[in-house]
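Reading the structure
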Amino acid sequence: MRSFYDQPLTSLERYCAGARLPQIHARNLFRNAYKALRADPEQDERLPRALTAAFARDFSLPLPRVVEAHRSAYDHSVKLLLELSDGLRVESVIMPESQRLTLCISSQVGCAQACVFCHTGRMGLTRNLTAGEIVGQVVLADLWLAAHPDWPSVERRVGNVVFMGMGEPLDNVDAVADALSILTDPYGLALGLRRISVSTAGHLEGIERLVALVPNVRLALSVHSVDEQKRSKIMPINRRWPLASVISRLKELRPEGNGIPVMLQYTMIKGVNDSVEEAARLVELMRGLEAKVNLIPLNPIDPTRLVAPSPETIQAFRDVLHAAGVRVMVRYSKGQDIAAACGQLVVRA
Ligand code: SAH
């Protein structure tokens, strides 16, 4: 038995060809599952018996189960706690914004990267998610929204996806690439690649592999410090792939003016990475790179003593970037009251 949700359209087309069924049915299966959100072919009388019988024999439809849905009273974000078929749990977060609806999804159960300021990092890595478990998070969010028409949000379907939940997506490149294929397929969820961001702590090998598979993928890079020594302390991955090496490769892949900006994420930590000197160094470092910067005030996680800088310090840092012509936004994390903010996702197995 294969999971339907693991299959890009091309593999379903190959399956149909192998089963001597017209390939057009692959599209029909995709449309049902991702547009109508009704994956079971039995429910579609227009499909031939031969197809539904073969499908029932060869495919399962294992969506994760929504165990809990925590709704934020402040910003209308919703954290979905999902149980996978082996009982492990992950989280995704629905984030309504003024014009659009973004879903933050997980790519692994836990994470191997152990960034000191991130709660998920403390769990260690349990396993990678499959492509189907990644895609399933989007399907479940769409189903949740359909079942809760009263929930305030301009959009009723997920319009943007960020791989910024649990896990390091570039430690799981094959599943992420298949998931991107399904998410962007016009017969599938039909999200433009521009609407999806894959965020990495700086996994250079993973960047190479993903860009080879999906050349125009939008990458986000967690920078958090431009000082190599300091960065190695807060992000152990920096010892393997120093920031300078990651940025210089990104400048080749995404040179200034190429129109596919890298989103540089900078989690601001009081007294650690918040000086205006460091802001000036960031400006220098990103010269020649097509990039934007998001400043994210740290969401404190126990038991570290790390906290966010004052709003004035954040503003001063922002002003240095802004004055240098850098596109910069200060992003306050959503879902703080439901432990759904950046770095707060953690589950007990
Ligand atoms: N592993 C990927 C994606 C997951 S984290 C990565 O590192 O990019 C998504 C973003 O949240 C990253 O930029 C991460 O550094 C940031 N983050 C983690 N913990 C945080 C915290 N406590 N406060 C604010 N941002 C945090």
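Everything numeric here is computed off the predicted structure, so don't read it as measured data. (Residues numbered from 1 in each chain as written. Predicted model: local features only at pLDDT ≥ 70, side-chain atom pairs only at ≥ 80, totals over all residues. Heavy atoms only, no water.)

Details of the overall build of the protein chain
Each helix and strand in the protein chain was counted, giving 12 helices and 14 strands. Its C-alpha atoms give the protein chain a radius of gyration of 21 Å, within 12% of the compact-globule value 20 Å for 349 residues. Relative to its full complement of 349 residues, the protein chain shows a buried share of 55%. The contacts of the protein chain with a sequence gap of at least 6 include a subset with a gap of at least 24, amounting to 67%. Carbon and sulfur atoms make up 51% of the accessible area of the protein chain, which amounts to about 15200 Å² in all. Each charge class in the protein chain can be summarised by its mean position, and for the 41 positive and 37 negative side chains these summaries are 2 Å apart. (Helix = DSSP H or I, 4+ residues; strand = E, 2+ residues; numbered from the N terminus. Rg over C-alpha atoms; globule rule 2.2 N^0.38 Å. Buried < 20%, exposed > 50% of the residue type's maximum accessible area, 1.4 Å probe, protein only. Contact = heavy atoms within 4.5 Å. Areas by Shrake-Rupley, 256 points an atom, 1.4 Å probe, with all protein chains shown as cover. Lys, Arg positive; Asp, Glu negative; His and termini not counted. Charge placed at Lys NZ, Arg CZ, Asp CG, Glu CD.)

Describing the packing of helix H6 (residues 173-184) against helix H7 (residues 204-213)
It is the contact of H6 with H7, at a shortest axis distance of 10 Å, that shows an interaxial angle of 30°. Classed by the angle they form, the pair H6 and H7 counts as roughly parallel. Relative to H7, H6 is oriented so that their crossing is right-handed. Packed against H6, whose contacting residues are Val173, Asp174, Val176, Ala177 and Leu180, the element H7 presents Gly206, Arg209, Leu210 and Leu213 at the interface. Counted by class, the contact of H6 with H7 contains six nonpolar, one polar and two charged residues. (Axes fitted to C-alpha atoms, helices over the stretch in contact; angles between N-to-C directions. Parallel < 35°, antiparallel > 145°, perpendicular 65-115°, else oblique. Left-handed = near helix turned anticlockwise from the far one by under 90°. Nonpolar A, V, L, I, M, F, W, Y, C, P; charged D, E, K, R; others polar.)

A look at the packing of aromatic side chains
Counted by the stated rule, this structure contains 10 aromatic pairs. Taking 6.3 Å as the distance between ring centres and 65° as the angle between the ring planes, the aromatic pair formed by Phe4 and Phe30 counts as edge-to-face. With Phe4 in the loop between strand E1 (2-3) and helix H1 (9-18) and Phe30 in helix H2 (residues 24-35), this residue pair connects regions lying 26 residues apart in the sequence. Here Phe30 falls in the buried class, since its relative accessible area comes to 0%. (Phe/Tyr/Trp six-rings, centres within 6.5 Å; stacked < 30°, edge-to-face > 60°.)

So, the environment of Arg27
Within the fold, Arg27 resides in helix H2. Between the C-alpha atom of Arg27 and that of Leu12, which follows or precedes it by 15 residues, the distance is 8.4 Å. Those residues in contact with Arg27 that sit more than four places away from it in its chain are Leu9, Glu13 and Tyr187. One polar contact links Arg27 to Tyr187, side chain to side chain, over a distance of 3.1 Å. (Polar contact = N/O pair within 3.5 Å; in protein donor to acceptor, adjacent residues only side chain to side chain.)

Some points on the environment of Gly192
Along the chain, Gly192 turns up in the loop between H6 and strand E10 (196-200). Taking the C-alpha atoms as reference, Gly192 lies 36 Å from Val276; in sequence the two are 84 residues apart.

Some words on the site of the ligand
Around the ligand, 19 residues are found, and the nearest of them are Phe117, Ser199, Ser222, His224 and Asn299. Between a nitrogen atom of the ligand and a main-chain N or O atom of Phe117, the distance comes to 2.9 Å. Gln265 is positioned with one of its side-chain polar atoms (N or O) 3.3 Å from an oxygen atom of the ligand. Protein contacts shield 96% of the accessible area of the ligand, which totals 530 Å² for the unbound molecule. Looking at the shell around the ligand, the elements that each hand over two or more residues are E10 and strand E12 (262-268). For the shell around the ligand, the per-class residue count stands at eight nonpolar, 10 polar and one charged. (Near = heavy atom within 4 Å.)

A few points about the pairing of E12
Here E12 lies mainly inside the structure; seven of its seven residues are buried. Burial along E12 is two-sided: Val262, Leu264, Tyr266 and Met268 and Met263, Gln265 and Thr267, pointing in opposite directions, are all buried. Strand direction decides the pairing type here: strand E11 (residues 218-222) and E12, joined by three bridges, are parallel. Following the sheet pairing, Leu221 is matched in E12 by Leu264. Bridging between E12 and strand E13 (residues 291-297) involves seven bridges; their strand directions are parallel. When the sheet's bridge partners are listed, Gln265 is paired in E13 with Asn294. Taking the sense of rotation as the criterion, the β-α-β connection linking E12, helix H11 (residues 276-285) and E13 turns out right-handed. (Pairing = 2+ DSSP bridges. Right-handed = clockwise from strand over helix to strand, strands pointing away.)

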